[in-house]
Amino acid sequence: MGRRGIYTQRFLFKNVFAAVGVIFTIVGVVFVAVAAGLFISTANFLKQAVPVEGEIRSVSRDNVIISYEIDGEYFESPLGYYSSDMRRGDPITVYCNPDQPDRIRSSATQFVSVIFGFVGILLLIVGSSLIIYSVLKKSKEGSLKSSGMRLDAQIIGVSVDPKISSNYQHPYILECQYQSPDGRVYFFRSGHIWYDPTNLLTDNHVPVYVERGNFESYYVDISQVLPKR
């Protein structure tokens, strides 16, 4: 197959699963950290606070302003969070530190911190699972390359994987086939290629490393048929 100059988009991540795993893990850590800080802060605040009956003065998407009275003095302070069931003029019980009467919290803040923590833990589980999957996949590829049976498969086409995307672009896959001496034909698909390799392939055959006795476990070594970038 012919070879020509290469023009490719720059991709921040070539391994989408690992990339998503890292992003989910980082966001999960942030969520858990925020949840822990909010929970501890609110718990310490409530230990010294007293309940006060207040009224919702104004409601916005970002915050809710509460008016309340302490020792005959009126205050207006932000609650720190917003809920869709809050309406202007509704009564609400808040907690206030007598030493800092302009600061208030709601007992529901603890619930918010629990939600943040739950979401963070889910993100950590998904993120770490994707990272582990990527590491195991890479390890398996190395094992197949070092101890698997090498086949020279014919490249029969290039397809696009619509299930995966990065930078709004889908990756390409080499479609390959190998005919064994007994006449059986086996089909293989390569890993993701983040540019169209159709006119860049240096050969029409590609090495495929197969686990001995199991043709379902294989690794297509695309590095041997793609020019160095």
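Let me begin by describing the structure that accompanies this report. Nothing here was measured: the structure is a model prediction, and the numbers come from that model.

## Considering the sheet that holds strand 5 (residues 100-105)
Pairing is antiparallel across the open sheet formed by five strands, whose spatial order is 3-2-1-4-5. What marks the edges here is a single partner per strand, and that holds for strand 3 (73-78) and strand 5. Averaged over all pairs of adjacent strands, the angle between strand axes in this sheet comes to 45°, irrespective of strand direction.

## Concerning the pattern of salt bridges
The final tally for this structure, using the stated rule, is seven salt bridges. Across the pair Arg 150 and Asp 152 runs a salt bridge whose closest N-O atoms are separated by 3.4 Å. The partner of Asp 182 in a salt bridge is Arg 184, with the nearest N and O atoms 3.8 Å apart. Through salt bridges with shared partners, a single ionic network connects Glu 55, Arg 57 and Glu 76.

## Concerning the packing of aromatic side chains
Counting across every chain of the model gives four aromatic pairs. Judged by centre distance (5.7 Å) and plane angle (20°), the rings of Tyr 68 and Phe 75 are stacked. You can call Tyr 68 buried: its relative accessible area is 2%. The buried category is assigned to Phe 75, whose relative accessible area is 15%. The side chain of Arg 105 reaches across the aromatic face of Phe 45, ending 5.2 Å from its centre.

Definitions and cut-offs
- Residues numbered from 1 in each chain as written.
- Predicted model: local features only at pLDDT ≥ 70, side-chain atom pairs only at ≥ 80, totals over all residues.
- Heavy atoms only, no water.
- Pairing = 2+ DSSP bridges.
- Helix = DSSP H or I, 4+ residues; strand = E, 2+ residues; numbered from the N terminus.
- Axes fitted to C-alpha atoms, helices over the stretch in contact; angles between N-to-C directions.
- Salt bridge = Lys/Arg side-chain N within 4 Å of Asp/Glu carboxyl O.
- Phe/Tyr/Trp six-rings, centres within 6.5 Å; stacked < 30°, edge-to-face > 60°.
- Buried < 20%, exposed > 50% of the residue type's maximum accessible area, 1.4 Å probe, protein only.
- Lys NZ or Arg CZ within 6 Å of the ring centre and 35° of its normal.

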